[in-house]
Structure formats: structure tokens, C-alpha cells
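The chain contents come next:
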Amino acid sequence: MRILVINPGSTSTKLAVYENENPVWRESIAHPSKELADFHHINEQYEYRRAHVHDTLEKAGIPLVFDAVIARGGLLKPTPGGVYQINERIKHDLWHASMEHASNLAAWIADEIAHCAGCPSYLADPVVTDELRDLARISGIPELPRISIFHALNSRAVSRRYAARIGRKYEELNLIVAHLGGGISVSAHHYGKVVDVNNALNGEGPFSPERAGTLPARQLVDLCFSGKYTYAEIRKLINGRGGLMAHLGTTDVQSIIRWAHAGAEKHKLVLDAMLYTVAKQVGAMHIALHGQTDAVILTGGIAYNDYCIQGLREWLEGLAPIVVIPGEDEMGALAMNALGVLRGELTLQEYAPEENVDL
């Protein structure tokens, strides 16, 4: 099976071709800020990025002959996880999404190339994957229900990888997955469904290198009306300039550790505090699994860091076996989802969100 994978990010578009499980070609197309400055909205970048993808494939001598094209899932309306065949409803909701991100263009580009290749186009496990229990949706204010936005693609991929490693099925296990990156999500996987998770984008759960996480509500309200910050600046504090960036002026965890080792007490304290909030969230997800956790998986870029892993082990030791699967292989995860559908191992999901639900 020959599969093309398309993954647009804010300043790049990653491409890969897989033959069955094997990557045979990879390329990352850089989009310089000077070029992106000409566009005021993400949708305006569609033709620009589509043309770059076609040009890159042509220059690499890769013909448009594929069994499937799969795209990174964008900011759709909340929907269960799994693999979806791209259709007009999906494309419409991505084009009119309430939040802008380059991943919203992935399905459009993938569907156009798939049409040329005469094959199906898919997306898998978008960040808005929503399988929350009903009781997990309720907050203390009816107008503010809890929302599921997290690293669904990688969290589910490492869960399946771990299950295969121990000779079990993902759907047979209770797992907690802590994705440790620029944002941090901690998800409870109950027999193949993510029944609870913090909103890793818009302010909930652990603070992270660039996100504020859960905040004291009254103090946040007072800050919003203090006149010190604009609406846009407050939003940026929650997502972009919060967390380690707000405290230490950097999101570089390795640099912070070097400062801590050199005697910078503030750097050590703030980093340890971040790990503490992660551990507390893991404890909350352990309760969401009724205290029956088969393993805690630590993944994402920060999971390469021995200091952080050891810090988390000290808090989590005894709760459940701790498994470290560092990094984030989005391209491989997407390819394996497409391959699973082509082989009949995974069932296509139906995208049918509630009409009045939005992010």
C-alpha cells in the first residue's frame, strides 16, 4: 500500500510517502514569514500551500499514484476519534472553523491530490477528538462546559504501540497518556475511548512551556478587568506566552535545566512546579479510570529529558507502571491509520457533529 501523508504546521508543510509501514520519502516545505505575511487568514494560504505540495512532489519525481492520502486533522467540531474519509461536510467545517490553524487546510489539499490520484482521502484523530463522559463535560458554570482539545493523534498512537509491545489490544487497556510538549495534555484512555482529558489549548490542567493551564478564576477575572492587558494580550497569556515563558522568558526546557544546575533557584522551582502540575493531572486521570490504571505513558518532546522524566517518576512511582515513549511521530501515526483502514483493521468513522456545537 502506497500512502501520502500531509501535515501542515504554522511555518511548514510536512510530507511523507509510506509503502506499508515503511517511510520511503520525507520532505518538510518551509514557509518563510515574509511569504506568509502576505496572507491575513489561514484560508488564504490554501492555493499557496497546495501549489508548494504539488511542486515538491513533482521535483522529487513522485507520481500521483497512491492507495490513500491522509491529512492531519484540523479544528473540526467535536467528534469521536478514529479515521474519517474526507467529505464536503468535513471540508466545509474546516473552512468555516471558529479557530484558525494551518491544519485546517490539510484535508482540502489531501482531497484535491486524492482526486488526481483516484484514491480515497482520510484524516485521523483530530485535536478536537471528543469522547468525554457526560459527567466530565460539566463545569461549575453552565455556559462554560469542559471541552476536549488535546494531542489525540500521538496519544492514541503511542497507546496502540504500547499495547502491541505487551501483546494486548489498545481496547483492552486503561491507560493515562501525558503528552509533554509546548502544550501538555493528560488523557484517560478507558478501553479505547478517551473519557477525560484537560483542554490543552485554551487553559486547563498543567501549565506548560507556553500555556498557562488552570488559573485561579477570581484572580484571572480581576486581571482581565485591571486595564493592564487587552483582550488579545490575555488570550496570548493563556496560550502562547504563559507557563515557563511567562515566568522565565523562555520555553527551552533544556536551557532552564542548565540554569537550575548552575544554581538558579527560580528556574528549578518553576520547572519543578510544572512537573508537579503534570503529576497532579495524572492523579486526576487515575481517578477517572476508577484507580485501575494499567500504565502511565510519558510522551512528547519533553519526554526525551531525563531530568523531567525523573521528576515525574518521583511523584508517580507506585501509581502504575511508567512507560516512556518520547517524541511525536505524527507522520507515522497518520500513515498507520490509513494503512489500518486499507487493510480492514480499522473502521471508518462517520463525521456527524451536533449542529449547535462549536469550539
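Look up: the structure comes first, before these words.
Everything numeric in this text was worked out from a predicted model, so none of it was measured.

Quick rundown of unusual backbone geometry? Include the residues and the values.
Phi is positive for Asp 125, which is not a glycine, with a value near 40°. Within the secondary structure layout, Asp 125 lies in the loop between β6 (121–124) and α5 (152–165). Positive phi is not limited to glycine here, since Tyr 191 has a value of about 50°. Structurally, the position occupied by Tyr 191 is in the loop between β8 (184–190) and β9 (193–197). For Tyr 191, a relative accessible area of 44% puts it in the partly exposed group.

Give me the lowdown on the side chain of Asn 337, citing residues and values where you can.
Mapped onto the secondary structure, Asn 337 falls in helix α12 (residues 330–342). Classification of Asn 337 as buried rests on a relative accessible area of 11%. Ignoring anything within four residues of it in the chain, the contact list for Asn 337 reads Ile 70, Val 83, Ala 124, Asp 125, Leu 153 and Leu 346.

Which residues make up the sheet that holds strand β7 (residues 174–180), and what are the values?
Reading across the sheet, the 5 strands line up as β9-β8-β7-β10-β11 and stay open at both edges, with mixed pairing between neighbours. On the outer flanks of this sheet lie β9 and β11 (322–326), each paired with one strand and no other. Averaged over neighbouring strand pairs, the angle between their axes works out to 25° when direction is ignored. Two strands pair when backbone bridges link them, and strand β10 (residues 295–300) and β11 are joined in this way by 5 bridges, in the parallel orientation. Counterpart to Thr 299 in the pairing with β11 is Ile 325.

Mind laying out the side chain of Asp 130, listing which residues take part and the relevant values?
Structurally, Asp 130 can be placed in the loop between β6 and α5. Given the relative accessible area of 14%, Asp 130 is considered buried. Only 3.2 Å separates the side chain of Asp 130 from the backbone nitrogen of Leu 132, close enough to count as a polar contact. Those residues in contact with Asp 130, other than ones at most four positions away along the chain, are Pro 78, Thr 79, Pro 80, Arg 137 and Ser 148.

Describe the packing of aromatic side chains, with residues and values.
Pairs of aromatic rings are described using the distance from one ring centre to the other and the angle between the two planes. A complete count under the given rule lists 6 aromatic pairs for this structure. For the ring pair Tyr 46 and Trp 95, a centre distance of 6.4 Å and an interplane angle of 80° mean the geometry is edge-to-face. You can see Tyr 46 sitting in helix α2 (residues 46–59) and its partner Trp 95 sitting in helix α3 (residues 88–95), a full 49 residues away along the chain. We classify Tyr 46 as buried; its relative accessible area is 16%. Judged by its relative accessible area of 29%, Trp 95 is partly exposed.

Any details on the environment of Ile 42? Residues and values, ideally.
As for its position among the elements, Ile 42 is in the loop between α1 (33–36) and α2. By relative accessible area, Ile 42 is classed as buried at 14%. Not counting the four nearest positions on each side in its chain, Ile 42 is found in contact with Glu 100, His 101, Ala 102 and Leu 105.

Account for the sheet that holds strand β3 (residues 22–30), with residues named and values stated.
With mixed pairing, the 7 strands of this open sheet are ordered in space as β3-β2-β1-β4-β6-β5-β12. A strand with exactly one partner marks an edge of an open sheet, and here the two such strands are β3 and β12 (348–349). By the bridge criterion, 3 bridges tie strand β5 (residues 83–85) to β6 in an arrangement that is antiparallel. Directly across from Tyr 84, in β6, lies its bridge partner Leu 123. The strands that α12 touches are β1 (2–8), β2 (12–19), β3, β4 (68–72), β5, β6 and β12; relative to β1, the one it contacts most, it runs at about 140°.

Outline the pattern of salt bridges, listing residues and values.
Taken as a whole, this structure holds 19 salt bridges when the rule is applied. In this structure, Arg 156 engages Glu 131 in a salt bridge whose closest nitrogen and oxygen atoms are separated by 2.8 Å. Of the two residues, Arg 156 is situated in helix α5 and Glu 131 in the loop between β6 and α5; the sequence distance between them amounts to 25 residues. Residues Arg 146 and Glu 204 are paired through a salt bridge, measuring 2.7 Å at the closest nitrogen-oxygen approach. Placement of the pair is Arg 146 in the loop between β6 and α5 and Glu 204 in the loop between β9 and α6 (217–224), with a sequence separation of 58 residues.

Reading the values: rules and limits
Residues numbered from 1 in each chain as written. Predicted model: local features only at pLDDT ≥ 70, side-chain atom pairs only at ≥ 80, totals over all residues. Heavy atoms only, no water. Helix = DSSP H or I, 4+ residues; strand = E, 2+ residues; numbered from the N terminus. Buried < 20%, exposed > 50% of the residue type's maximum accessible area, 1.4 Å probe, protein only. Contact = heavy atoms within 4.5 Å. Pairing = 2+ DSSP bridges. Axes fitted to C-alpha atoms, helices over the stretch in contact; angles between N-to-C directions. Polar contact = N/O pair within 3.5 Å; in protein donor to acceptor, adjacent residues only side chain to side chain. Phe/Tyr/Trp six-rings, centres within 6.5 Å; stacked < 30°, edge-to-face > 60°. Salt bridge = Lys/Arg side-chain N within 4 Å of Asp/Glu carboxyl O.

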